[in-house]
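# Summary of structural features
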Amino acid sequence: AGLAGLLPPARAGGMADLLPFHVVFGLGGWLTATALAVSCRLLPMFLIAAEPSEGPKRLLRLAIAAFALLGLALVAVATGFDARLAALAAAFAAVAAIAVHGRDLVAVVRGRRRRDIEASGRASLAAVLALWVAVALGLAAAVVGETARVVPAVVHLAGFGWLTGLGLAQLGKIVPFLTWLEYFGPVMGRRPTPRTQDLL
């Protein structure tokens, strides 16, 4: 609306302050929260490991807290108040959620019953590593005051390394699985069937 000239200049200028929230809610909130939740189910299933019992609940509570605090920061910016404290608390909750997910993932990998990790599993772990690097880089940049210079690298790592990497890695397992289910599911137990990995 601001770029199209539909808002008065004063309000259009204020819209630029809200753009970082749009990016964070989309990339860091909706997409990353969904990817973390999906990976909590898919990675243990594909690695034949026990699902964490408490970790996903903590992850959900921390994600809700991060969303709520980020919403509070958004309201503060929109009404002209200082949003730094709420934004900092939201970042802390988000980092804590990612740390909980990381701890659970390490337990899943160590406790897996399938010793050989397939290509999709290795690629998924590389995507999670990209997320951890993005978080570490963002935290380091915030500490030394170089956030503006580092944001493009963090967004690139999160968007292409973490989200795109995880999506493509899981599709490499999900598509063969769905194909296997359609063609070999009905005859399972009646005749030998190939592994899903063999379909690749």
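So, here's what we can say about the structure. Since this is a predicted model, take the numbers as computed values, not measurements.

Judged by nonpolar contacts, the single largest core of 22 residues is most densely connected at Leu-36, Leu-131 and Trp-162. Contributing elements (two or more residues each) for this core: α1 (9–47), α3 (84–110), α4 (119–144) and α5 (147–184). Those residues within four positions of Leu-36 in sequence are excluded, and the remaining contacts are Leu-59, Ile-98, His-101, Leu-131 and Trp-162.

Okay, the packing of aromatic side chains next. Across all of its chains, the model carries 2 aromatic pairs by this definition. Aromatic side chains Phe-25 and Phe-67 sit 6.3 Å apart centroid to centroid with 5° between the ring planes, which places their arrangement in the stacked category. Of this pair, Phe-25 sits in helix α1 while Phe-67 sits in helix α2 (residues 55–79), placing them 42 residues apart in sequence. For Phe-67, a relative accessible area of 34% puts it in the partly exposed group. Ring plane angle 40° and centroid distance 6.5 Å describe the contact between Trp-180 and Phe-184, whose orientation is recorded as tilted.

Axis separation between α4 and α5 bottoms out at 8 Å; the angle between their running directions is 165°. Compared by their axis directions, α4 and α5 come out roughly antiparallel. As for the relative orientation of α4 and α5, their crossing is left-handed in sense. Taken together, the residues that form the contact of α4 with α5 break down as 18 nonpolar, 8 polar and 1 charged.

There is a patch of nonpolar side chains on the surface, built from Val-106, Leu-129, Trp-132 and Val-133 and spanning about 320 Å² of accessible area. Sorting elements by how many residues they give to the nonpolar patch places α4 first, with 3 residues. Turning to its location among the elements, Trp-132 is positioned in helix α4.

Further remarks concern the side chain of Arg-112. Relative to the helices and strands, Arg-112 is located in the loop between α3 and α4. Within the buried set, Arg-112 has no salt-bridge partner at all; the shortest N-O distance to an opposite charge, 7.1 Å, is to Asp-116. A distance of 2.6 Å separates the side chain of Arg-112 from the backbone oxygen of Val-109, its partner in a polar contact. Residues in contact with Arg-112, not counting those within four places in the same chain, are Leu-47, Ile-48, Ala-49 and Ile-117.

Analysis parameters
Residues numbered from 1 in each chain as written. Predicted model: local features only at pLDDT ≥ 70, side-chain atom pairs only at ≥ 80, totals over all residues. Heavy atoms only, no water. Core = buried A, V, L, I, M, F, W, Y, C linked by side-chain atoms within 4.5 Å. Buried < 20%, exposed > 50% of the residue type's maximum accessible area, 1.4 Å probe, protein only. Helix = DSSP H or I, 4+ residues; strand = E, 2+ residues; numbered from the N terminus. Contact = heavy atoms within 4.5 Å. Phe/Tyr/Trp six-rings, centres within 6.5 Å; stacked < 30°, edge-to-face > 60°. Axes fitted to C-alpha atoms, helices over the stretch in contact; angles between N-to-C directions. Parallel < 35°, antiparallel > 145°, perpendicular 65-115°, else oblique. Left-handed = near helix turned anticlockwise from the far one by under 90°. Nonpolar A, V, L, I, M, F, W, Y, C, P; charged D, E, K, R; others polar. Patch = residues over 30% accessible without salt bridge, like charges linked within 9 Å, V, L, I, M, F, W, Y side chains within 5 Å. Areas by Shrake-Rupley, 256 points an atom, 1.4 Å probe, with all protein chains shown as cover. Salt bridge = Lys/Arg side-chain N within 4 Å of Asp/Glu carboxyl O. Lys, Arg positive; Asp, Glu negative; His and termini not counted. Polar contact = N/O pair within 3.5 Å; in protein donor to acceptor, adjacent residues only side chain to side chain.

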